[in-house]
Amino acid sequence: MCGIIGYIGKRQAAPILLQGLRRLEYRGYDSSGMAISDHSTLAMTKCVGKIENLAEKMKTSHLPGSVGIAHTRWATHGGVTELNAHPHTGNKGKLVLVHNGIIENYRELKDQLGPEHHFTSETDSEVLAHLIEREFDLQEQKNCEGLRKAVGCGLSHVKGTYGIVVMHEDVPDCLITARMGSPIVVGVGKDENYIASDATPILAYTRDVLFLDDGEIAEVKENNVRLFTLKDEIVSKKVEEIHWNDEQAEKQGFPHFMLKEIHDQPTVFEDAIRGRFNMAEGTAVLGGLNMTEQQMRDINRVIFIACGTASYAGMVGKYAFERLAGIPAEVDVASEFRYRDPIIDEKTLVFVMSQSGETADTLAALREAKRKGAFVRGIVNVIGSTISRETDGGTYIHAGAELAVASTKAYTNMVTVALLYALQFGRARRVSIATGQRMLNAFLEIPEKMNWILSQKDSIKEIAEKYKDYKNFLFLGRGINYPVALEGSLKLKEISYIHAEAYPGGEMKHGPLALISEDFPTFAIMPQNQLYEKMRSNIEEIRARKGKVILIATQGDERAKELAEDVIYVPAMKELLEPLLNTIPLQLFSYYVAVALKRDVDRPRNLAKSVTVE
Ligand code: F6R
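Predicted model only: the values in this text are computed from it and were never measured.

(A) View of the overall build of the chain. A count of helical and extended segments in the chain gives 18 helices and 27 strands. Relative to its length of 614 residues, the chain is compact, with a C-alpha radius of gyration of 25 Å against a globular reference of 25 Å. Evaluated residue by residue, the chain yields a buried proportion of 62% over its 614 residues. Contacts in the chain between residues at least 24 apart in sequence constitute 73% of all its contacts with a sequence separation of at least 6.

(B) Quick look at the pattern of salt bridges. In this structure the tally under the stated criterion is 47 salt bridges. Lysine 468 serves as the salt-bridge partner of aspartate 469, at 3.0 Å between the closest nitrogen and oxygen. The exposure class of aspartate 469 is partly exposed, given its relative accessible area of 49%. For arginine 603, the salt bridge identified is with aspartate 600, shortest N-O distance 3.7 Å.

(C) Structural detail: the side chain of asparagine 193. As for its placement among the helices and strands, asparagine 193 is situated in strand β10 (residues 193-196). A polar contact is formed between the side chain of asparagine 193 and the backbone oxygen of glutamate 222, at a distance of 3.2 Å.

(D) Spatial organisation of the packing of helix α3 (residues 106-113) against helix α4 (residues 126-138). Contact geometry of α3 with α4 gives a least axis separation of 10 Å together with a crossing angle of 40°. One way to sum up the angle between α3 and α4 is to call them oblique. Handedness of the α3/α4 crossing: left-handed. Here Tyr106, Leu109, Lys110 and Leu113 of α3 lie close against α4, whose contacting residues are Val127, His130, Leu131 and Arg134. Class assignment of the residues belonging to the contact of α3 with α4 gives a composition of 5 nonpolar, 1 polar and 2 charged.

(E) Fine view of the state of the cysteines. Under the defined criterion, the tally for this structure stands at 1 disulfide. Sulfur-sulfur distance for the disulfide between cysteine 144 and cysteine 174 comes to 2.3 Å. Because the torsion about its S-S bond is 115°, the bridge between cysteine 144 and cysteine 174 counts as right-handed. Remark: cysteine 174 occurs in strand β8 (residues 171-180) and cysteine 144 occurs in helix α5 (residues 144-155); sequence separation between them is 30 residues. In terms of burial, cysteine 144 and cysteine 174 fall into one category: buried. A disulfide-free cysteine, cysteine 153 has its sulfur positioned 15 Å from the sulfur of cysteine 144, the nearest such atom. Look at cysteine 153 and you get partly exposed, because its relative accessible area is 31%. Note on cysteine 307: no disulfide assigned, nearest cysteine sulfur contributed by cysteine 2 at a separation of 18 Å.

(F) View of the site of the ligand. Among the 15 residues in the neighbourhood of the ligand, the closest are listed as Ser354, Gln355, Ser356, Thr359 and Glu494. Measuring from an oxygen atom of the ligand, one finds a side-chain N or O atom of serine 354 at 2.6 Å. The contact in question runs from an oxygen atom of the ligand to an N or O atom on the side chain of serine 356, over 2.6 Å. Applying the majority rule of atoms within 2 Å of the grid points places the ligand in the largest pocket.

(G) Region of the structure containing the environment of tyrosine 162. The topology assignment puts tyrosine 162 in strand β7 (residues 162-168). Tyrosine 162 sits in the buried class, given a relative accessible area of 2%. Residues tyrosine 162 and arginine 179, 17 residues apart in the sequence, show an inter-C-alpha distance of 5.7 Å. Excluding anything up to four places from it in sequence, tyrosine 162 contacts His99, Asn100, Gly101, Ile103, Leu155, Ala178, Arg179, Met180, Gly181, Ser182 and Leu230.

(H) Inspection of the side chain of asparagine 582 at higher detail. Tracing the backbone shows asparagine 582 in helix α18 (residues 578-596). Only 2.9 Å separates the side chain of asparagine 582 from the side chain of asparagine 481, close enough to count as a polar contact. Not counting the four nearest positions on each side in its chain, asparagine 582 is found in contact with Asn481, Val484, Ile525, Pro527, Ile552 and Val570.

The rules behind each value
- Residues numbered from 1 in each chain as written.
- Predicted model: local features only at pLDDT ≥ 70, side-chain atom pairs only at ≥ 80, totals over all residues.
- Heavy atoms only, no water.
- Helix = DSSP H or I, 4+ residues; strand = E, 2+ residues; numbered from the N terminus.
- Rg over C-alpha atoms; globule rule 2.2 N^0.38 Å.
- Buried < 20%, exposed > 50% of the residue type's maximum accessible area, 1.4 Å probe, protein only.
- Contact = heavy atoms within 4.5 Å.
- Salt bridge = Lys/Arg side-chain N within 4 Å of Asp/Glu carboxyl O.
- Polar contact = N/O pair within 3.5 Å; in protein donor to acceptor, adjacent residues only side chain to side chain.
- Axes fitted to C-alpha atoms, helices over the stretch in contact; angles between N-to-C directions.
- Parallel < 35°, antiparallel > 145°, perpendicular 65-115°, else oblique.
- Left-handed = near helix turned anticlockwise from the far one by under 90°.
- Nonpolar A, V, L, I, M, F, W, Y, C, P; charged D, E, K, R; others polar.
- Disulfide = S-S within 2.5 Å.
- Near = heavy atom within 4 Å.
- 1 Å grid on protein atoms, 1.4 Å probe; cavity = no way out; pocket = protein on both sides within 12 Å on 5 of 7 lines; lining within 4 Å.
- Sits in = over half its atoms within 2 Å of the grid points.

The structure is reproduced here in structure tokens:
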């Protein structure tokens, strides 16, 4: 939520920062701004709306200089105005700062600063600039070290979360960055360095990064980076290499990131399974699990914790764990889990699932589960993210950079990894080698079958255009396809703003059937699996009430046509793996509805990609 980029080096900072903001736009897009130093004065520009508005504005207000910071905002405190956009300035206008996170005690801090401080915005962030600028004035050393100490002193008064970058007019040879609860990555280049809220905007320049931990400050100069704790103790840390490539952050000819990411699925699915099969033993090998065979056998409960789309991937994991491993499994939405008193002990295995690895509620739930003594493992996409580092093991899903706000390929790869874990536990407990091998062979068919579904996109587009003006939708699924229905309805809601609900097929007559009319179409998932006949009856009930039906059915199922206005066929697949295929038509349907309605597909209103606030 909100994106930060900073640059210090020999090149002009403005184009680098602007490009960085474009890459970060998925994190927030209600306003943006940048401040640049030419080593004598600071200049700043801000703008409401998309990054392109800022780019337009900068054509007339060129900011020269080779040091700078920039920010793209997703409003929390204060409306969407130019004054509330970052960077924010201290009382004297000499210090500028960009901030992600929430300062909980900003009102008290403002009162403590006194009446001589004039605040121009309604944000919580501005108080940090005032506080740190004042601390700098109290420092003897008017250099980088003094600025770093001022940041440390200022932050010692703060309650809340932050990832900040600070620049001072009188200290143009360094940027200071600090982190508490909001991620900060330092990109290490040659005679230039970068700071960002995630690695995406710096991948074009360097793959060498330092991930700051909570309570750390970095002093970033053109050719040097030094790390400290907030108490000013030196921290030594290894530079890590990021394997994602910059291409993944490009649209590659697709009109939107979302469509590109839907098409990435066959390839990134292969990345998720590569090296993780032991065909001879009929099992998956996820090394990051860090559990002995005995511990795997002793587990008596599995909980998947996640938010949104990630929680629907977790729900697929629940069905698979119960079926294959015979372990009671459940899914908990992180924001609920953390405020209940969940029953957890040292025989509970908790999987924390997150694309970004930074979701505030998921992180808090992780910490709670650890405190209670559970085995806590991550299923995470972003390498080096907080969740990946705070879990005691786990697996990266290798979906690559996902930049559309609506998650697609990360969902698929989370499902994949959850299924692999279910198989690994199944084999350790009760599944035969032959069953395991059949499942692994089914996995190998997935990419080709995904490609076949993607090749049907034009007919899915036609269906989407036909239904785009309906105001309500129902999504129905049963068993392992119930999470698919939930995911389909979430996708439609978030990018097309059409109301959609999802139910298990069997629930219809307990209430939701009352909604059905000619104006309330149903999207039903009815593959030829053990629940086929049950699902058919549910659809018949909808037809009897004049409800229009779009069906996802198995190739060759001619009976499906009698039941529906429109049928989207998918290849037959082993039941547990069906979500890997059946979700794709729903992603495409939502995408094409949103395009037909001229929505901002990659940046839907009110949403941000990485939800780092509660
Ligand atoms: C929906 C979507 C969200 C995220 C949720 C969790 O398309 O993207 O529902 O799934 O905010 O985010 P992560 O996976 O980053 O924890």
